[in-house]
Amino acid sequence: MKKSILILLSVLGLISCSRTTSLDPRLPEIWPDYTGVTVPVGTAPLNFELGTQYSKVFVRVQGADGSILKARGKTARFSVNGWHKLTEANAGDSLRVTVLGLKDGAWTQWKDFPIYVSADTLEAWGVVYRKIAPGYETYSKIGNYQRNIRNFKETPIIESTLTPGQCVNCHTANATNPDQYTFHLRGKHGGTYFQVNGEGKWLTTKTANTISNAVYPYWHPGGDYCACSNNFIHQSFWTGSGRLIEVWDDASDISVIDVRTDEVITSPLVHTDWYETYPAFSPDGRTLYYCTAFPEEVPANAEKVRYSLCSIDFDPETGSFGSKVDTLINCARKGRSITFPRPSYDGRFILYSEADFGCFPINHKEADLYLLDLSSGKRHALAGANSEYAESFHNWSADSHWILFSSRRADGLYSLLYICHIDEDGNASKPFLLPQKNPGRYYVNSLYSFNCPDFTSSKVKFRKGSTWKQVTDPDRLTAKDRITTDDEEIISDPEPADSSAPMFMQ
């Protein structure tokens, strides 16, 4: 009791302009909402602000070890080095945050709230993501960016100003290692960029045996292959349903690109008249997970399209698919749809999005994150991470203790990036919004949504100088279909599988 009184007196004594202070038993309404979140050691500080009616804010953060960090001004902006020291000294414990705000010459002090500092480190240099203004037919600027999570420095990897008329998207590193990095371009000069150990190449991935260029890539852990889907992607507006827009596929298949030989490997088992999309390799590289759905007449019957989670073996020594497909979760029978499976790098879980239907959860308010335990086969919603708005497009940290995902919880319209801790039992903590030096100016005044996030272990090094010349080169590399044996080539137009009774939808 005496200690609490001394703390309050010391706080009030530092606010010389204050004459009156009222106590409010509620938590302060700060933005971003960092009350009760769990953070790793050493990230950028959780700067925040009160409502615009408060002219000043004073914040005192005390660690369990007794160390103190303070911030004052129009917003709560902490020293980066001070925040690092505070979190390092309190790893595995918590911080107590006291907030006071000045309004009309009077101070208000709210109930203190905790910030928990995890003992699990976040093994990442930073995060990469795409920023795009919410448009539907055209765009002015779009790009892939990277951000050092220990501070606030953001730099572009590639922007559409380098490739006019082309959509920059679908970027990913190999298990967070950007020594192997890839992204796609869509448009007249569409193709895929592969970078391996600093050497990059542009590849046209449409072949005689695929319906389109590569989409939704995922690296094989060995680095010799990159799985992708080949999709005819469309979108339509909704009328009278409370939904705005839906993205859907006319057709989609799975293939694997051998980045050493520029060959595209397919199998009739993942190249059917069903929809197959969102591939992801297991950490040992011997299983390929993906989503599949029975084809419907779209967009008229878009609400009937529901994806289930399947897997097929993959042999990295021969670069070949297995002979059967297994169904891990028949979500379609439950009236739901699974998309974007992402295995944890320790091999324990698969993180995925689940919505009422469809393949593009970012447009589904009801979309939530789920976790499948691969040892028990049990799955559960990540209650601590989910909100009443869409959660989608997610990835793991290399140590499998943290996830990064996009969510529209801030306002229901814009997708922003959140980081969340996952404990040993697969439970999620309350996530925190990616910190910014001035969150109001950065987020509230921005016209950009953030998606396709991923962690990276180091900075992505992409050489921009000759990008346009390479993209438009008429002699650019073109992928070839893989010959499966000495005398048998994969057929260019395979006979569609019987969609009435596919072997894997039991």
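Look up a bit, the structure's there.
A brief structural summary. Given the structure is predicted, the values throughout are model-derived calculations rather than measurements.

On a plain count of helices and strands, the chain comes out with four helices and 33 strands. Its C-alpha atoms give the chain a radius of gyration of 25 Å, within 12% of the compact-globule value 23 Å for 506 residues. Residues counted as buried form 55% of the 506 residues belonging to the chain. Sequence-distant contacts in the chain: of pairs separated by 6 or more residues, those separated by 24 or more amount to 58%. When the accessible surface of the chain is split by element, carbon and sulfur atoms take 50% of a total near 21,800 Å². Computed over 51 positive and 58 negative side-chain charges, the separation of the two mean positions in the chain equals 14 Å.

A few words on the nonpolar core. Ranked by internal contacts, the top residues of the largest apolar core, which has 54 residues, are Val59, Phe78, Val99, Ile115, Leu382 and Ile403. Tallying contributions element by element places strand S29 (residues 416–421) first for this core, with five residues. If we skip the residues at most four places from it in the chain, isoleucine 403 touches Leu351, Leu369, Leu382, Asn395, Trp396, Tyr418, Ile419, Cys420, Ile422 and Phe455. Residues Tyr216, Trp248, Ile362 and Tyr370 belong to the second largest nonpolar core, which totals 27 residues.

Let's shift gears to the pairing of strand S15 (residues 214–219). For S15, the buried fraction is high: six of the six residues fall into the buried class. Inspection of the sheet shows S15 paired to strand S16 (residues 225–237) by four bridges, in the antiparallel sense. Counterpart to valine 215 in the pairing with S16 is serine 229. Turn length for the S15-S16 hairpin, with the two strands adjacent in sequence and antiparallel, is five residues, and the turn residue glycine 223 shows positive phi of about 90 degrees.

Take the pattern of salt bridges next. Evaluated as defined, the whole model comprises 16 salt bridges. Ionic pairing is found between aspartate 258 and arginine 260, a salt bridge with its closest N-O pair at 2.9 Å. Taking the relative accessible area as the measure of exposure, aspartate 258 reaches 2% and is therefore buried. Each of Asp224, Asp258, Arg260, Glu263 and Arg482 takes part in salt bridges that share partners, so that together they form one network.

Read from one edge to the other, the open sheet built from five strands follows the order S15-S16-S17-S18-S33, with strand pairing classed as mixed. The open sheet has two free edges, formed respectively by S15 and strand S33 (480–481), since each of these has just one partner strand. Across two bridges, the pairing between strand S18 (residues 263–265) and S33 is parallel. Looking across to S33, one finds that valine 264 is bridged to aspartate 481.

Let us look at the pairing of strand S25 (residues 368–373). With six of its six residues buried, S25 lies for the most part within the structure. As defined by bridge partners, strand S24 (residues 349–355) adjoins S25 across six bridges and the pair is classed as antiparallel. By the bridge assignment for S25, isoleucine 350 is matched with leucine 372. Note that S25 and strand S26 (residues 379–381) share three bridges and pair antiparallel. In the strand pairing of S26, tyrosine 370 is matched with alanine 381.

So, about the side chain of threonine 272. Within the secondary structure, threonine 272 sits in the loop between S18 and strand S19 (275–281). In this structure threonine 272 comes out as buried when scored by relative accessible area, which is 10%. In terms of polar contacts, threonine 272 uses its side chain to reach the backbone amide nitrogen of tryptophan 274, at 3.0 Å. Polar side-chain contacts of threonine 272 include one of 2.5 Å to the side chain of glutamate 276.

Our focus in this paragraph is the environment of glutamate 391. Tracing the backbone through its elements, the reader meets glutamate 391 in strand S27 (residues 391–396). Residues within four places of glutamate 391 in sequence aside, it is in contact with Ser353, Ala367, Asp368, Leu369, Ala385, Asn386, Phe405, Ser406, Ser407 and Arg409. There is a polar contact of 2.6 Å between the side chain of glutamate 391 and the side chain of serine 387.

Spatially, four strands are ordered S19-S20-S21-S22 in an open sheet, and the strand pairing comes out antiparallel. Whereas interior strands pair on both sides, the edge strands pair on one side only; in this sheet they are S19 and strand S22 (320–329). The average undirected angle you get between the axes of adjacent strands in this sheet is 30 degrees. Inspection of the sheet shows strand S21 (residues 308–315) paired to S22 by six bridges, in the antiparallel sense. Bridge assignment links serine 311 to a residue of S22, and that residue is aspartate 326.

Another point: the state of the cysteines. Across all of its chains, the model carries zero disulfides by this definition. Here cysteine 228 stays unpaired: no disulfide links it, and the sulfur of cysteine 226, its closest cysteine neighbor, is 6.5 Å away.

The final tally for this structure, using the stated rule, is 27 aromatic pairs. Centroid distance tyrosine 54 to tryptophan 110: 5.4 Å. Interplanar angle 75 degrees. Geometry classified as edge-to-face. Here tyrosine 54, found in the loop between strand S2 (38–39) and strand S3 (56–63), pairs with tryptophan 110, found in strand S6 (residues 106–110); they are 56 residues apart in sequence, far enough to count as distant. Consider the rings of phenylalanine 405 and tyrosine 418, whose centres lie 6.0 Å apart with planes at 20 degrees: the pair is stacked. On the criterion of sequence distance, the pair formed by phenylalanine 405 in strand S28 (residues 402–407) and tyrosine 418 in strand S29 is long-range, its members being 13 residues apart. The two residues phenylalanine 405 and tyrosine 418 agree in class, both being buried. Every member of this aromatic cluster is reached through a ring pair, and the members are Trp31, Tyr129, Tyr442, Tyr443 and Phe450. If you follow lysine 103 out to its NZ or CZ, it ends over the ring of tyrosine 54, 5.9 Å from the centre. Over the face of the ring belonging to phenylalanine 340 we find arginine 342, whose NZ or CZ atom lies 4.0 Å from the ring centre.

Here we take up the environment of tryptophan 202. Here tryptophan 202 is to be found in strand S14 (residues 199–204). Sequence separation of tryptophan 202 and threonine 182 is 20 residues, and the distance between their C-alpha atoms is 9.7 Å. Once you skip the residues sitting within four places of it in the chain, tryptophan 202 turns out to touch Phe183, Leu185, Thr192, Tyr193, Phe462, Thr467, Gln470, Val471, Arg476 and Leu477. Within the structure, tryptophan 202 has its side chain in polar contact with the side chain of glutamine 470 (distance 3.2 Å).

Reading the values: the criteria
- Sequence positions are assigned chain by chain, starting from 1 and proceeding in written order.
- At least 70 in pLDDT is required for a residue's local features to be given in this predicted model, at least 80 for side-chain atom pairs to be given and counted, and no such filter applies to totals for whole chains, interfaces and linings, which use all residues.
- Side-chain calculation: all heavy atoms of the structure are included, whereas hydrogens and water are not.
- Counting from the N terminus, the helices are the DSSP runs of H or I reaching at least four residues and the strands are the DSSP runs of E reaching at least two.
- Computation of the radius of gyration draws on C-alpha atoms, with the globule rule given as 2.2 Å multiplied by the number of residues to the power 0.38.
- With a 1.4 Å probe rolled over the protein chains alone, any residue whose accessible area is under 20% of its type maximum counts as buried; one over 50% counts as exposed, and the rest are partly exposed.
- Any two residues having at least one pair of non-hydrogen atoms within 4.5 Å are treated as being in contact.
- In short, Shrake-Rupley with a 1.4 Å probe defines the accessible areas, and a residue's cover is counted only from the protein chains shown.
- Charge assignment: positive for Lys and Arg, negative for Asp and Glu; neither His nor the chain ends contribute.
- Lys charges are placed at NZ, Arg charges at CZ, Asp charges at CG and Glu charges at CD.
- Definition used in this section: a nonpolar core is a set of buried Ala, Val, Leu, Ile, Met, Phe, Trp, Tyr and Cys residues joined via side-chain atoms within 4.5 Å.
- Any two strands are treated as partners once DSSP identifies two or more bridges connecting them.
- Any carboxyl oxygen of Asp or Glu within 4 Å of a side-chain nitrogen of Lys or Arg constitutes a salt bridge here.
- Throughout this description, a polar contact denotes any pair of N or O atoms lying within 3.5 Å of each other; where both atoms belong to protein, one of them has to be capable of donating a hydrogen while the other can accept it, and for residues adjacent in sequence the pair is counted only when both atoms sit in side chains.
- Comment: axis = line fitted to C-alpha atoms, over the contacting stretch for helices; angle = value between 0 and 180 degrees taken between N-to-C directions.
- Put simply, a disulfide is two cysteine sulfurs that come within 2.5 Å.
- Centres within 6.5 Å make a pair out of two Phe, Tyr or Trp rings, where for Trp the six-membered ring is used; the pair is then stacked when the planes are under 30 degrees apart, edge-to-face when over 60, and tilted otherwise.
- Placement of a positive charge over a ring is assigned whenever Lys NZ or Arg CZ falls within 6 Å of the ring centre and within 35 degrees of the normal to the ring plane.

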